[in-house]
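# Architecture and fold: a report
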Amino acid sequence: MKEKHLFWLLFVLLGISLFINSSINPLFLEEPRRAMVALEMYLQHNLFVPTLYGEFYYRKPPFFNWVILGSMQLFSDYPEFACRAVSVVSLLLMGLLTYFFCKKFHSEKLGQLAALLFLTSVHLLFYGSLFAEIDLFYSLITYASILSLYVFYERNNPLLYFLCMYLLSAIGLLTKGAPSVVFLGVSLLAHLSITRNWRWFFSWQHVFSGVLFLAVLGSFAFAYNHYNPIENLLGAVLKQSSDQTVVKHGFSKALLHLFTYPTEVLRDLLPVTLFVPFLFVKSVRQKLWSNALLRFVTVLFIANIFVYWISPGTRSRYVYMLYPMAVIICAWLFIEASKRFAWIEKWLRGLNLLITSLCLVAVFSLPWSASKLGLDDSPIVIIILSAALLLLIGYLALKRHLGTQMWWLIALLIFARFQFDLFALPARAAQGEHLQFRIHGEQIAKLSKDKKLWLYRYDTVGDEASLKFGHGFYIEWNRKDVLRSIETKNCEDIFLTQDFEVTDNQYQLLYAFDYRDDHWLLVRFTDCD
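My aim in this report is to walk through the structure given alongside it, one point at a time. (Residues numbered from 1 in each chain as written. Predicted model: local features only at pLDDT ≥ 70, side-chain atom pairs only at ≥ 80, totals over all residues. Heavy atoms only, no water.)

### Quick notes on the overall build of the protein
Summing up its helical and strand segments, the protein has 23 helices and 7 strands in all. Over its C-alpha trace the protein gives a radius of gyration of 26 Å, about what one expects of a compact globule, namely 24 Å for 529 residues. Seen through its C-alpha atoms, the protein measures out along the principal axes to roughly 85 × 65 × 45 Å. The proportion of buried residues among the 529 residues of the protein is 55%. Sequence separation of 24 or more characterises 77% of the internal contacts of the protein that already satisfy a separation of 6 or more. Surface accessibility of the protein: about 23500 Å² in total, with carbon and sulfur atoms responsible for 64%. A distance of 16 Å separates the average location of the 46 positive side-chain charges in the protein from that of its 39 negative side-chain charges. (Helix = DSSP H or I, 4+ residues; strand = E, 2+ residues; numbered from the N terminus. Rg over C-alpha atoms; globule rule 2.2 N^0.38 Å. Buried < 20%, exposed > 50% of the residue type's maximum accessible area, 1.4 Å probe, protein only. Contact = heavy atoms within 4.5 Å. Areas by Shrake-Rupley, 256 points an atom, 1.4 Å probe, with all protein chains shown as cover. Lys, Arg positive; Asp, Glu negative; His and termini not counted. Charge placed at Lys NZ, Arg CZ, Asp CG, Glu CD.)

Spelled out as structure tokens, the structure:
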């Protein structure tokens, strides 16, 4: 099998694995908040001003909500799939960008390995790709803007160089706010420092692109200000960004972050970061630096990640856009090390044989483990078929029909993701506490059908209780109406409230449920004046 065909086969299998059972779990953690904001923009026929429980929402500008809303329109019966598909597609597009970028400006082999090793890095494969969060979509936009600098500089096109960077940064700013300004400034200065072409920096193309950037943002600000003062949104977005700095977290935490953060990045990007030690070989470093693409990727990665390295509030998902650049460097290190040291391929072969043996033991134990998890036998057939494909790739690798043992390792990771999809995700759905979000939301919507439903005396802005996100989305989704808080009662409508708020009232209890330490009641008051 040619490596090109194997690359596309593995890419397709990986794409399938990222979608399997993606909607089996209800939205939880930050997911229902993202979905709820998008839904309310649709329900209130206002695409410019995000709200949550009908109150102005300031934590993020609205662009990501537009994307989520568009996906909801396409998959209107499957809100979980609609929301999470945005993250999965964004991740796959980042992989494709990596492939085509490296293929065009370096080699197809580097593009193939870098793309697949990025997509199968352990953090993204088993965590980051699971959630309907803003970060992968934002990373796609930011990553594309950084790569555009190299692409259009190589084509000697200063207009597209600045125009593409500024327009993508404008979209990024309307997606996540202030970080896009930092990425824009740092990336431009870092790249022009490499090229020493400061003439472009003072060109009319730069001025024109900057004016267009401000025009896009100004147009949004004008539209937003029609409904709510824009300074409210600006203040909240800037405050959120400043909360990640040493000013907020203190010097001791910042110092600890300086030492621990590099290990977190290396861990997230396993297995390819196993080859980072080859950077200590002087001749390897010299060869890396002599290549224009690798020099660009290295400098842009270091310049941008430094901002997060000194910010103790940083989380892994904030720098997903920088991960493929790190993988490109590590994938090149692997290719270079394989040429110089014969033991690399032998070591990989031994590692792959060990992992394959463990996977086969897991496959043959599936009938027992599936019944323990309360699952039927249908996933076992799929697992066995994927195991057969795994053995085929392993056989080709052992017979040295493939260029490198790394293909086999990538196939093993994809196989592990299939197992995760078919067994871990259903078990999580059956046993996780967030299952009740969907159950209670559907039941409350059913009992309050054709009636106005209110939250009674609930602080939708300051109270971070779970109802704010989890239950709230499913109530609004099933009712197709914005759920708002109110301080006064009446006997015509239905109210959702906590038990301590109605101890002195008479009411008809329609439904009750507990979540952690909170006891919630769905009531109709009967003691109105």
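From this point, the narrative continues.
### Considerations on the packing of helix 5 (residues 108-119) against helix 17 (residues 323-340)
It is at 9 Å that the axes of helix 5 and helix 17 come closest, and there the two elements cross at 125 degrees. Relative to helix 17, the element helix 5 is oriented oblique. Crossing geometry of helix 5 relative to helix 17 is assigned as right-handed. Taking contact as the criterion, the partners of Lys109, Leu110, Leu113, Ala114, Leu117 and Phe118 in helix 5 are, on helix 17, Tyr323, Pro324, Val327, Ile328, Ala331, Trp332, Phe334 and Ile335. (Axes fitted to C-alpha atoms, helices over the stretch in contact; angles between N-to-C directions. Parallel < 35°, antiparallel > 145°, perpendicular 65-115°, else oblique. Left-handed = near helix turned anticlockwise from the far one by under 90°.)

### Regarding the pairing of strand 7 (residues 518-525)
Judged from the 4 bridges that link them, strand 5 (residues 494-498) and strand 7 form a sheet pairing that is antiparallel. Paired with leucine 496 across the strands is leucine 522, a residue of strand 7. Of the pairings in the sheet, the one linking strand 6 (residues 507-515) to strand 7 comprises 8 bridges and is antiparallel in character. Of the residues in strand 7, the one forming a bridge with aspartate 514 is histidine 519. Turn length for the strand 6-strand 7 hairpin, with the two strands adjacent in sequence and antiparallel, is 2 residues, and the turn residue arginine 516 shows positive phi of about 55 degrees. (Pairing = 2+ DSSP bridges.)

### Topic: the packing of aromatic side chains
A full pass over the atoms with the stated rule returns 42 aromatic pairs. Ring centres of phenylalanine 105 and tyrosine 150 lie 5.2 Å apart, and the angle between their planes is 85 degrees; on these two criteria the pair is classed as edge-to-face. In this pair, phenylalanine 105 sits in helix 4 (residues 79-105) while tyrosine 150 sits in helix 7 (residues 135-154), placing the two residues 45 residues apart along the sequence. Relative to phenylalanine 201, the ring of tryptophan 198 lies with its centre 6.1 Å away and its plane at 75 degrees, an arrangement referred to as edge-to-face. With tryptophan 198 and phenylalanine 201 both in helix 10 (residues 198-201) and 3 residues apart, the pair spans about one turn of that helix. Taking relative accessible area as the criterion, tryptophan 198 reaches 35% and is therefore assigned partly exposed. Residue classification places phenylalanine 201 among the partly exposed positions, given a relative accessible area of 27%. The ring of tryptophan 289 has arginine 295 lying over it, and the distance from NZ or CZ to the ring centre is 5.9 Å. The ring of phenylalanine 525 carries the charged tip of lysine 489 above its face, separated from the ring centre by 5.3 Å. (Phe/Tyr/Trp six-rings, centres within 6.5 Å; stacked < 30°, edge-to-face > 60°. Lys NZ or Arg CZ within 6 Å of the ring centre and 35° of its normal.)

### Description of helix 1 (residues 3-19)
Side chains three or four residues apart in an α-helix point the same way, a direct result of the helix having 3.6 residues per turn. Along its 17 residues, helix 1 runs 25 Å from first to last C-alpha, staying within 8% of the 24 Å computed at 1.5 Å per residue. Three or more residues of helix 1 are buried, namely Leu6, Phe7, Leu10, Phe11, Leu13, Leu14, Gly15, Ser17 and Leu18. Asparagine 21 sits one or two positions beyond helix 1 and adopts a positive phi of about 55 degrees. (Expected span 1.5 Å × (residues − 1).)

### Overview of the sheet that holds strand 5
Two pairing modes exist for strands in a sheet, parallel and antiparallel, and in both the strands are linked by backbone hydrogen bonds. Reading across the sheet, the 5 strands line up as 4-3-5-7-6 and stay open at both edges, with mixed pairing between neighbours. The strands lining the two open edges of the sheet, one partner per strand, are strand 4 (484-486) and strand 6. With strand direction ignored, the average angle separating the axes of adjacent strands in the sheet is 30 degrees. Packed onto the sheet, helix 22 (residues 435-447) meets strand 3 (453-456), strand 5, strand 6 and strand 7 and runs at close to 170 degrees relative to strand 6.

### Regarding the environment of alanine 362
Here alanine 362 lies in helix 18 (residues 343-364). Considering only alpha carbons, one finds alanine 362 and glycine 172, 190 residues apart in sequence, at a separation of 43 Å.

### Some details on helix 8 (residues 158-176)
The first and last C-alpha atoms of helix 8 sit 27 Å apart over 19 residues, in line with the 27 Å expected at 1.5 Å per residue. Burial runs high along helix 8: 14 of the 19 residues are buried. Just beyond helix 8, the residue with positive phi is glycine 177, at close to 95 degrees.

### Notes on the packing of helix 2 (residues 31-43) against helix 3 (residues 63-74)
In contact at an axis separation of 9 Å, helix 2 and helix 3 are set at 80 degrees when each is read in the N-to-C sense. Judged on the interaxial angle alone, helix 3 and helix 2 are roughly perpendicular. Two secondary-structure elements touch here, helix 2 through Arg34, Ala35, Val37, Ala38, Met41 and Tyr42 and helix 3 through Phe64, Asn65, Trp66, Ile68, Leu69, Met72 and Gln73. Considered class by class, the residues forming the contact of helix 2 with helix 3 number 10 nonpolar, 2 polar and 1 charged. (Nonpolar A, V, L, I, M, F, W, Y, C, P; charged D, E, K, R; others polar.)

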